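What follows is each chain in one-letter form.
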Amino acid sequence: MIITNVNLVLQDEVVRGSVEIRDGKIASLSDTTSQLPGAYDGENGFLTPGLIELHTDNLEKYFTPRPKVNWPPLSAMSAHDTQLIGSGITTVLDAVAIGDSRDSSRQENLDLFINTVEESQRRGLTRAEHKLHLRCEVPHESTVELFECYIHRPELQLVSLMDHAPGQRQFVNREKYRTYYQGKYNFSDAEMAAFEQEQVELSNRWSTINRNAICQQCRDLNIPLASHDDATIAHVDESKELGMVIAEFPTTVEAARKSHELGLKVLMGAPNVVRGGSHSGNVAAHELASLGVLDILSSDYYPASLLDAIFKLANDERNSLDIAKAVQLATRNPAQALGLNDRGEIAEGKRADLVLSHTADDHHLVSRVWREAKKVF
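Residues numbered from 1 in each chain as written. Predicted model: local features only at pLDDT ≥ 70, side-chain atom pairs only at ≥ 80, totals over all residues. Heavy atoms only, no water.

## Describing the layout of surface pockets
What counts here: Any residue with an atom within 4 Å of a point lines the site, the site being either a cavity, points on a 1 Å grid over the protein atoms alone where a 1.4 Å probe fits but cannot get out, or a pocket, an open set with protein on both sides within 12 Å along at least 5 of 7 lines. Grid points are joined across faces, edges and corners, and a volume is the space filled by probe spheres set on the points. For this classification, the nonpolar set comprises Ala, Val, Leu, Ile, Met, Phe, Trp, Tyr, Cys and Pro, the charged set comprises Asp, Glu, Lys and Arg, and every other residue, Gly included, is treated as polar.
Taken as a whole, the second largest pocket spans an internal volume of roughly 180 Å³. The wall of the second largest pocket is formed by Lys265, Ala289, Gly292, Val293, Leu294, Asp295, Ser320, Leu321, Lys325, Gln328, Leu329 and Asn333. Here the residues of the lining of the second largest pocket are counted per class, giving 5 nonpolar, 4 polar and 3 charged.

Here is the structure:
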């Protein structure tokens, strides 16, 4: 197969030309357009590597589209997969939370989520390649026990550790904490105050113990680790000491800078870029990009944000990112962070995971997607 008349987004430049594909891999590149009648005309669109998503919470909304409504699992997985592939995401780590004791539906569906991801991969029912990301809420007594139930799952690719207790990390501002959780759980003021106190006590009791235990097991098994919501230099130093390779959503400039300096790949949300800032009032992703300390983008809760955020950053005069460098935030950089060295670049020998997109107003819309040379969208 030949894809021609496209803007090839390569590692260091954008080249108008063609790409030849054989046996599911990129065979050769050309800076000319092909005249062969069988070549696919990309109509001057941008051809990028398939996007690689490390942290999406999108799966749950399809399994439980409304409170107390459970959807058939393979149907839910198919709808989730369709949205991802339609957003240009060809490799995805589905983030599944463990240790969230209050949200009983999450715990009840945990096996169902994980088994469905694995079964759909085994049976070839998805168009994107799905792997697992375990999000471990460390301030809970049951977290390590639950984690140990899933640590040997073959699809497990990343483990992150988080503590959403009020007064620190994501929720230094306790008013924003109250607004978020009071709205989520419909608490009265008295119930909210009791909930806050309970979360602080759980964090003090379990966070450090669980964090150390989980990190030790991941290091022993060579499973990549990610920190979450680091806010201070002390947080980052601890993350480095524990063997983290990714810093998810640092909440301050100082934490992002220190993470980048120590070699942790700084991951921020693409919705943060599209919206112009964090919904929690923390540091904006575009600010970290302007400082040169943004390494990876994640669509988080909105898959279509990933492609939009790439091009918004590339067109933002506040940073030095060109299109080639901006695209790496969702392709080459996440692939390297996880050791997925067969993808993430348009280069000879790499997997032909490719996304063709065209501009419409201020957005980049996905026109075609190929995974290992097979057209999947």
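## Looking at the pattern of salt bridges
Defined as follows: Just to be clear on terms, a salt bridge is a Lys or Arg side-chain nitrogen sitting within 4 Å of an Asp or Glu carboxyl oxygen. Think of it in three bands: residues with accessible area under 20% of the maximum for their type are buried, residues over 50% are exposed, and the middle band is partly exposed, with areas taken using a 1.4 Å probe on protein chains only.
Throughout the structure, instances matching the rule amount to 15 salt bridges. The salt bridge involving Arg22 is made with Glu20; its shortest N-O contact spans 2.7 Å. Residue Arg351 is joined to Asp353 by a salt bridge in which the shortest nitrogen-to-oxygen separation is 2.9 Å. The two residues Arg351 and Asp353 agree in class, both being buried. Here the salt bridges share partners, and the residues they tie into one network are Glu129, Lys131, Asp342, Arg343, Arg351, Asp353 and Glu372.

## As for the side chain of Glu129
What counts, and what does not: By the criteria applied, helices consist of DSSP H or I runs no shorter than four residues and strands consist of E runs no shorter than two, each listed in order from the N terminus. We define a polar contact as two N or O atoms separated by no more than 3.5 Å, with the added condition that, inside protein, one atom must be a possible hydrogen donor and the other a possible acceptor, whereas residues neighbouring each other in sequence contribute only through side-chain atom pairs. Contacts between residues were defined by any pair of non-hydrogen atoms, one from each residue, lying within 4.5 Å.
As for its placement among the helices and strands, Glu129 is situated in strand β7 (residues 129-137). Side-chain polar atoms of Glu129 contact the side chain of Arg343, separated by 3.0 Å. Leaving out residues up to four positions away in the same chain, Glu129 has contacts with Thr90, Thr91, Val92, Gln121, Arg343, Arg351 and Arg371.

## Topic: the packing of aromatic side chains
The line we're drawing: Aromatic pairing here means that ring centres of Phe, Tyr or Trp (its six-membered ring) are within 6.5 Å. Orientation follows from the plane angle: under 30 degrees is stacked, over 60 is edge-to-face, and everything else is tilted. A ring has a charge above it when a Lys NZ or an Arg CZ is no more than 6 Å from the ring centre and no more than 35 degrees off the ring normal.
Tallied over the entire structure, the rule returns 3 aromatic pairs. Centre to centre, the rings of Tyr40 and Trp370 are 5.7 Å apart; their planes meet at 75 degrees, and the pair counts as edge-to-face. Of this pair, Tyr40 sits in strand β4 (residues 40-49) while Trp370 sits in strand β14 (residues 363-371), and the two are 330 residues apart along the sequence. A relative accessible area of 2% means that Trp370 is categorised as buried. Ring centres of Phe63 and Phe113 lie 4.7 Å apart, and the angle between their planes is 80 degrees; on these two criteria the pair is classed as edge-to-face. Note that Phe63 is positioned in helix α1 (residues 58-63) and Phe113 in helix α4 (residues 110-122), a separation of 50 residues in sequence. Here the guanidinium or amino end of Arg205 rests over the ring plane of Trp206, the centre of that ring lying 4.1 Å away.

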